[in-house]
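A closer look at the structure
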Amino acid sequence: MTSTTIGGRVLRPYDPTYDPLVQATPGQGTGYAPTYWVASAGSPPPDDGPVRGDIDTDVVVIGSGSTGMSTALYLAREHGICATVLDAAQTAWGCSSRSGGQGQNANGRLTRSQWIERWGLDVAKRLDAEVRMGFENFRALTKEIECEAYDGGHLYLAHRPKKLEYLREMTRVRNEVFGYRSRMLTPDEVREQHCDEREHVGAMYEEEGIGIHPLKFTFGLIRKARELGVKVHPASPVQGWTTVNGVHHLQTPGGVVRAKRVVLCTGGYSGQKLTPVLKNKILPILSNSVVTRPLSDAEMAACHFHTKTFMTDTRTLRFYYRLLEGNRLQLGSRSSITGADAQDPVHLKLLTDAIARKFPPLTDIKIDHSWWGWVDVSHDMMPRITRPDPKETVWHALGYGGNGVASSTWAGKRIAEQVAGKDAGREVMNLPIYNSPLEYPNIWNMVRSEAFAPFRRFGQFFLYKWYWLRDEKI
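Overview of the structure. (Residues numbered from 1 in each chain as written. Predicted model: local features only at pLDDT ≥ 70, side-chain atom pairs only at ≥ 80, totals over all residues. Heavy atoms only, no water.)

1. Structural notes on the sheet that holds strand E10 (residues 209-211)
In any sheet, the strands associate via hydrogen bonds between backbone groups, in a parallel or an antiparallel arrangement. Judged by pairing direction, the sheet is antiparallel, and its 3 strands sit side by side in the order E5-E10-E6 without closing on themselves. Both outer strands of the open sheet, strand E5 (102-104) and strand E6 (150-151), are each paired with one neighbouring strand and no more. In the sheet, E6 pairs with E10 via 2 bridges, with the strands oriented antiparallel. By the bridge assignment, Tyr150 is partnered in E10 with Gly211. (Pairing = 2+ DSSP bridges. Helix = DSSP H or I, 4+ residues; strand = E, 2+ residues; numbered from the N terminus.)

Right under this line is the structure:
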């Protein structure tokens, strides 16, 4: 295998089977996954190299994706704190170089109707206002950073007739309760205004949705943060962690980093041994993506592509897809349960079969890029941007459940406020995503216990079977 380099560093080979529930870290200086984003983002921005010797700093941020880098950016820009960012592999190596790039006005896996059911109307409205503010902040960042942003809204496509009523009710709640202007579209309207997606039977269109090149976006955050004095150290996995007299000692291969405060922004990539704060609190779930070769003019016409508005369908294990710059089709969905099984061709076939169903003129089209990555799913389907133990100077922003492209940057802003001590007495911090910790696994949202953790993947296997049956047959 030919070695590659970044900034004069030789990268270790990418491991496609990495599994955060099995391995402690993704390795030191591991190369990027073979994604379209990596192939098209250009050279990574300059960084500060691996840790070489002991370092004393005020704040350490673990993870250099969009959450970690926005946390560091806002700490520096708004609070005058220059953090030190550590990453085990490369900058933006995890979700930020593998996601679908769909920036939605959403938070976690629950819908707004489910917010009302869980917390009541008042909390749901306050949470919506917070999420909407975060989306607008994300929109502003996409105008500051060149990231191929397409501000074209979001199409939520009913893949079966029985899902139309679900979308109608979602539209009603969004508009009547929360003041949006979402609307239902017929298949003919979708075809005339967006594209000829053949599988759907109707859609909800929401105006709030921005598709981006996620790696260009995060590279932009890195550049902005480093201009303000933030230090970014790739190839520096945390291999040990002790706290002495309130100071955290983080052992890396190159030296000990000592800090008064630590922020965990590792998405779905944290090994179980990193810290007890996260152990068994996140279920990492694999998502697979493909990007095709560029479509010809004839293929573009056959598929009636008029916009680059991104789309998701109403399956529980949803497909997400859109037309990219350069007229390539991107499509992704959930797939393997374990890292060891990730390379099985059946998971790629799941995606290519979906392309053939949704866009028949593209049946058997050549796939130029195929990859997978770990999504950080919390056990109650909502993120936590919080200080889980008030006795410890440790914070985390995790659990987006696949909706972190837009919300991660707002999470970075809010976690920076918490770390800087600017959150005291603020009403917004009483929202459940800020004032409660990540939870242990549960059975039917009734009984929660860490004892269920070893059995999560058995449960995931059977849930996937049930979801498929419910989505496709019942």
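2. A closer look at the environment of Val277
Residue placement: Val277 occurs in the loop between strand E14 (255-264) and strand E15 (282-292). Distance from Val277 to Ile62, taken between C-alpha atoms, is 13 Å for residues 215 residues apart in sequence. Beyond its immediate stretch of four places on either side in the chain, Val277 contacts Leu264, Pro388, Val394 and His396. (Contact = heavy atoms within 4.5 Å.)

3. Details of the sheet that holds strand E8 (residues 183-185)
Taken in spatial order, the 8 strands of this open sheet run E8-E9-E7-E16-E17-E18-E15-E19, and their pairing is mixed. Only two strands of the sheet have a single partner each, and these edge strands are E8 and strand E19 (367-378). This sheet shows a mean twist of 25° between the axes of neighbouring strands, independent of strand direction. Bridging between strand E7 (residues 154-157) and strand E16 (residues 310-313) involves 4 bridges; their strand directions are parallel. Paired with Leu157 across the two strands is Asp313, which belongs to E16. Strands E15, E16, strand E17 (320-323), strand E18 (329-334) and E19 of the sheet are contacted by helix H9 (residues 345-358), whose axis makes an angle of about 125° with E18. (Axes fitted to C-alpha atoms, helices over the stretch in contact; angles between N-to-C directions.)

4. Things to note about the side chain of Lys281
Locating Lys281 in the fold gives a position in the loop between E14 and E15. Within the buried set, Lys281 has no salt-bridge partner at all; the shortest N-O distance to an opposite charge, 7.8 Å, is to Glu450. Of note is the side chain of Lys281, whose polar atom sits 3.3 Å from the backbone oxygen of Leu438. Not counting chain neighbours up to four residues away, the residues in contact with Lys281 comprise Ser378, His379, Leu438, Glu439 and Tyr440. (Buried < 20%, exposed > 50% of the residue type's maximum accessible area, 1.4 Å probe, protein only. Lys, Arg positive; Asp, Glu negative; His and termini not counted. Salt bridge = Lys/Arg side-chain N within 4 Å of Asp/Glu carboxyl O. Polar contact = N/O pair within 3.5 Å; in protein donor to acceptor, adjacent residues only side chain to side chain.)

5. Digging into unusual backbone geometry
With a phi close to 55°, Ala92 is a non-glycine residue in the positive phi region. Here Ala92 is to be found in the loop between strand E4 (84-86) and E5. Owing to a relative accessible area of 0%, Ala92 belongs among the buried residues under this scheme.

6. Looking at the pattern of salt bridges
A full pass over the atoms with the stated rule returns 42 salt bridges. One salt bridge in this structure joins Arg77 and Glu144, with 3.7 Å as the shortest N-O distance. Of the two residues, Arg77 is situated in helix H2 (residues 66-79) and Glu144 in helix H4 (residues 121-144); the sequence distance between them amounts to 67 residues. Of the charged contacts in the structure, one is a salt bridge between Arg315 and Glu472, with a shortest N-O distance of 2.5 Å. Here Arg315 is found in the loop between E16 and E17, whereas its partner Glu472 is found in helix H12 (residues 456-472), with 157 residues between them in sequence. A residue is classified by how much of its surface remains accessible, and Arg315, at 6% relative accessible area, is buried. Overall, Glu472 belongs to the partly exposed group, its relative accessible area being 28%. Here the residues in one salt-bridge network are Glu197, Glu199, Asp313, Arg315, Arg357, Lys358 and Glu472, joined through shared partners.

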